[in-house]
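Observations on chain architecture
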Amino acid sequence: MSTEYTELEILYSCSFWTNDGRSPQEAISQFVNVLDDCYESNKKSIACTENVNYGGQFYDIWGKDLEKSEQIFIFIHGGYWQEGEKKYATSMVKALTDHGIPVICLGYDLATIKPLDLVIEQVAIGLRFIAQKYSSANFTISGHSAGAHLAVKAICQLEDTTRFNKLALFSGVYQLEELPNTYIGKGINLTEEMSKKTSVTAEELKSKFFGQILILYGEFDSPKLKQQSEDLYGQIENLGNFKCQKMMIPNEDHFTSIENLRDSNSNVSKKLLKFLLEP
Ligand SMILES: N[C@@H](CC(=O)c1ccccc1NC=O)C(=O)O
């Protein structure tokens, strides 16, 4: 383990925690390679409209019969708001489009070029745009890691969330107050004030969102992220009238849980499909 990192930074560093002892570098390179392969093979077999413009950014939409779709899945990639791209967010596309659910992979400006609250606002602009464009659909908003955070915060910015009826959150980070003095926070100039403003509260979610929530994390996810998922679930559960479930996915880490969405028979895919297909 590198001595360049503080104890707190290590607890938040997803790639330091793996299910098979592979190194942080190996975890990241495996993730990038698997997701690259997914993207290339999806491109060969699944209809896709790439780079639809919204609010200064772009999304890709995978699947057919988009206008007639009753349900569309929107996925927001992770990378601690400073790395990643929508191309690395297509592992679930095959399983979902096989079940007739189109997938939107939403790109967004990284918080290295604008403050995090404006990134959240941009994602909210994307959600409004998509709701207007696919007017017969309901939506599941989903995200991984920092993308799960953006999913929750963006939905809280919407005026009308009626058609956004499911949230599927993979290994999210929801409380940002500890991040300003870490390499993660410094990478996006996260001030104390911004970290407070952009942290998730169960109360704001409850005041805006009325659907079902699935909170997932890997058995080998980083300790801080596991705790944050448990805490969010606990807070929501205490609020009562929410349909919220959580699942610790056995044997998976922060990266393999997303990689294994490419296999429709994996635990994580089966759980996601059940959540999407049940009323
Ligand atoms: N520098 C981070 C990268 C990371 O956490 C990450 C990379 C890709 C997708 C999601 C990630 N985590 C949260 O957004 C790490 O290696 O721990």
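Just so you know, these numbers come straight off a predicted model, no measurement behind them.

The side chains of a regular strand alternate between both faces of the sheet. Of the two faces of strand β4 (residues 103-106), the one lined by V103 and C105 and the one lined by I104 and L106 are each fully buried. When strand β2 (residues 57-62) meets β4, the two strands line up antiparallel, connected through four bridges. In the sheet register, W62 faces β4, and the bridge partner there is V103. Across four bridges, strand β3 (residues 71-76) lies against β4 in parallel orientation. Within the sheet, the bridge partner assigned to F73 lies in β4 and is V103. Handedness of the crossover is the feature at issue here: the chain leaves β3, passes through helix α3 (residues 93-98), returns alongside β4, and the resulting connection is right-handed.

In this structure, W81, L96, L116, Y134, L169, L205 and I213 are the most contacted members of the largest nonpolar core, which totals 92 residues. Among the elements that take part in this core, helix α4 (residues 116-133) stands out by supplying eight residues, more than any other. Excluding anything up to four places from it in sequence, L96 contacts F73, I101, V103, L272, L273 and L276.

The rules we used
- Each chain carries its own residue numbering, running from 1 in the direction its sequence is written.
- Reporting in this predicted model follows two pLDDT cut-offs: at least 70 for local features of residues, and 80 or more for side-chain atom pairs to be given and counted; totals over whole chains, interfaces and linings ignore these cut-offs and use all residues.
- Remark: hydrogens and water are excluded; side-chain values derive from all non-hydrogen atoms of the structure.
- Only protein chains enter the area calculation, which uses a 1.4 Å probe; residues under 20% of their type maximum are buried, those over 50% are exposed, and those in between are partly exposed.
- Helix numbering and strand numbering both begin at the N terminus, where a helix is a DSSP run of H or I of at least 4 residues and a strand a DSSP run of E of at least 2.
- Whether two strands pair depends on DSSP finding at least two bridges between them.
- Seen with its strands pointing away from the viewer, a crossover is right-handed when the path leading from the first strand over the helix to the second is clockwise.
- By nonpolar core we mean a set of buried residues, namely Ala, Val, Leu, Ile, Met, Phe, Trp, Tyr and Cys, connected to one another through side-chain atoms within 4.5 Å.
- Contacts are assigned to residue pairs with any non-hydrogen atoms lying within 4.5 Å of each other.

The values reported here are purely geometric and, on their own, carry no functional implication.
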